[in-house]
Amino acid sequence: MFKASRHYVLLGSAVALLALAGVSPGMRSASAGIAKPFWTEGDPGDASGRPDSFADLADKVSPAVVNIKVERKTSMKGGPEELFEEFFGQRKPGEKGEKGEKHAPPHQMRVPSTGSGFVVSPDGLIVTNNHVVESADKVVVVFQDGTEKEAKIVGRDPKTDLALIKVAVEKPIAIVPLGDSEHLRVGSWVMAIGNPFGLDHTVTVGILSAKGRSNFGGEQIAGPYDDFLQTDASINPGNSGGPLCDMKGRVIGINTAIAANGQGIGFAIPIDMVKSLLPQLLEHGSVTRGWLGVQIQRVTPALAKTFKLGDQKGALVGQVFDDSPASKAKLERGDVITKFDGKDIRDYDDLPRIVASTPPGAAVDVVILRDGKERKLKATLEKMKEEEIQPASNEQTDSDWGFEVQPMSDEIASQLGLSAGTKGVVVASVDPESAAARAGLRRGDVILEANRTEISSPKQLKDALGKNADSAVLLVQRGDGTLYLAIDKDS
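Residues numbered from 1 in each chain as written. Predicted model: local features only at pLDDT ≥ 70, side-chain atom pairs only at ≥ 80, totals over all residues. Heavy atoms only, no water.

## Focus on the overall build of the protein
A tally of helices and strands in the protein yields ten helices and 32 strands. Out of the 491 residues belonging to the protein, those deemed buried represent 51%. Just so you have it, the protein exposes about 23,000 Å², and 47% of that area is on carbon and sulfur atoms. (Helix = DSSP H or I, 4+ residues; strand = E, 2+ residues; numbered from the N terminus. Buried < 20%, exposed > 50% of the residue type's maximum accessible area, 1.4 Å probe, protein only. Areas by Shrake-Rupley, 256 points an atom, 1.4 Å probe, with all protein chains shown as cover.)

Here it is in structure tokens:
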């Protein structure tokens, strides 16, 4: 089962069990670094009007849409005979059999699943979702006329759930052109084609419901680079990897996820993001991303007030990693990044997408707010080695705090996995009904600062909070990261 949160599911479907299972418009040019895209760009022009019939459009796109059948091997402890004996009481679980074996040899099972994809080049390159082909032992592509061809995986990017596969062809095959997701207007008609529940080449229509979706119900949809299109065109398990098209037959998104607890809510990867990554998948088989070296969080109203901000835009830096591009550029904890490489950071989760889309080695301007004053820094990005640009835990704040602390000691630091000499005070308990609990404070957190004042003893914390304070901002160390928590008694 492919499931990344309780709110939504990816759209691959395991046939045997029928199991239900991102970058931003600010990205660099899709053709950057390549002489000519290997896909075909659709003719420019408005495609927001509703046609008299969708039949011609479906006829135009369907030959390039494929059904993808995948087989994965899985080991089941013991074979069918052992299960039969145990179930009917002939042998207890773990009891030795007639030949003296305690457990039968692992039994290999092939688990089939299905998804969708679409052809982007006449020589057989096909775009789909990573979760459709990940860990596959065999990938077979089925075309509209029933022709089946085994495919090889050319490249995968799990962080955006994108994959590129290829089939061998004797002559050029039908393709579908790629469109423009940035300028498509919300409310425009769209059409989805795919393989829901194994029903190949199913056509559904609806509208583009929203753009720039990165979370659903307050949770991240899939990862830090999500920037999904939302549609009410009916999509279901098996639609994964299929195209979402505009009314000129141009692909503007890849159907990827659905809301598990909602109807008429589906998500598609914007095609502009796809075009920025496909060249790397074709050339290298993976995607190289830029790395800044910060941990960030959302700017809440309470934090905006504390950091003297006029609004809640930007990404608040909770931690700067040592020897990172950010530290070399003199970024500091508490800075609010409002612009990166000329692109506005409206919400904190804009930053990971924009940074990741910037090539390593690029020197970029970073505009920050520090103590209410705007500054411009220069950062030279490095290659991301792993998931190093992450939002910090982003707890919401509420009222009337109540918690107890105790002094830090080397013994406590060791128990918490911290180095000897760590400063701050340790949260010993948190009243579950208090403002502190609602703000996200947890037992075992280490409070490093209160209201921008460094803390090394319970008395210093008490003095920093003040006797008559209505609100407080704590800098907390939790594990290897740090984050700000704002507590407001009146909220």
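## With respect to the packing of aromatic side chains
When we look at a pair of aromatic rings, we describe it by the centre distance and by the angle of the planes. Applying the stated criterion to the full structure yields three aromatic pairs. Seen from their ring centres, Phe38 and Trp39 are 5.1 Å apart, and the 80° between their planes marks the pair as edge-to-face. Relative accessible area serves as the criterion here: at 5%, Trp39 is assigned to the buried category. Arranged with centres 5.8 Å apart and planes meeting at 50°, the rings of Phe54 and Trp189 form a pair that is tilted. Here Phe54, found in the loop between strand S3 (19-20) and helix H1 (55-61), pairs with Trp189, found in strand S10 (residues 189-194); they are 135 residues apart in sequence, far enough to count as distant. Using a relative accessible area of 17% as the deciding quantity, one classes Phe54 as buried. Using a relative accessible area of 22% as the deciding quantity, one classes Trp189 as partly exposed. (Phe/Tyr/Trp six-rings, centres within 6.5 Å; stacked < 30°, edge-to-face > 60°.)

## Here's the deal with the pairing of strand S21 (residues 336-340)
Taken across its five residues, S21 has four buried, putting it largely inside the fold. As defined by bridge partners, strand S20 (residues 315-320) adjoins S21 across two bridges and the pair is classed as antiparallel. Along S21, the bridge assignment pairs Ala315 with Ile337. As judged from the four bridges shared by S21 and strand S23 (residues 363-370), these two strands associate in the antiparallel manner. (Pairing = 2+ DSSP bridges.)

## Some points on helix H4 (residues 271-284)
With 14 residues, H4 should cover 20 Å at 1.5 Å per step; its first-to-last C-alpha distance of 20 Å lies within 8% of that length. The element H4 is largely enclosed, with a buried count of eleven among its 14 residues. For H4, the complete set of buried residues consists of Ile271, Asp272, Met273, Val274, Lys275, Ser276, Leu277, Leu278, Pro279, Gln280 and Leu281. Once H4 finishes, Gly285 follows within two positions and takes phi at roughly 85°, a positive value. (Expected span 1.5 Å × (residues − 1).)

## Observations regarding the side chain of Ser113
One can find Ser113 in strand S5 (residues 107-119). Relative accessible area serves as the criterion here: at 9%, Ser113 is assigned to the buried category. Side chain to side chain, Ser113 and Arg72 meet in a polar contact 2.8 Å long. (Polar contact = N/O pair within 3.5 Å; in protein donor to acceptor, adjacent residues only side chain to side chain.)

## Section: the side chain of Thr358
On the secondary structure map, Thr358 appears in the loop between helix H7 (350-356) and S23. Relative accessible area serves as the criterion here: at 2%, Thr358 is assigned to the buried category.

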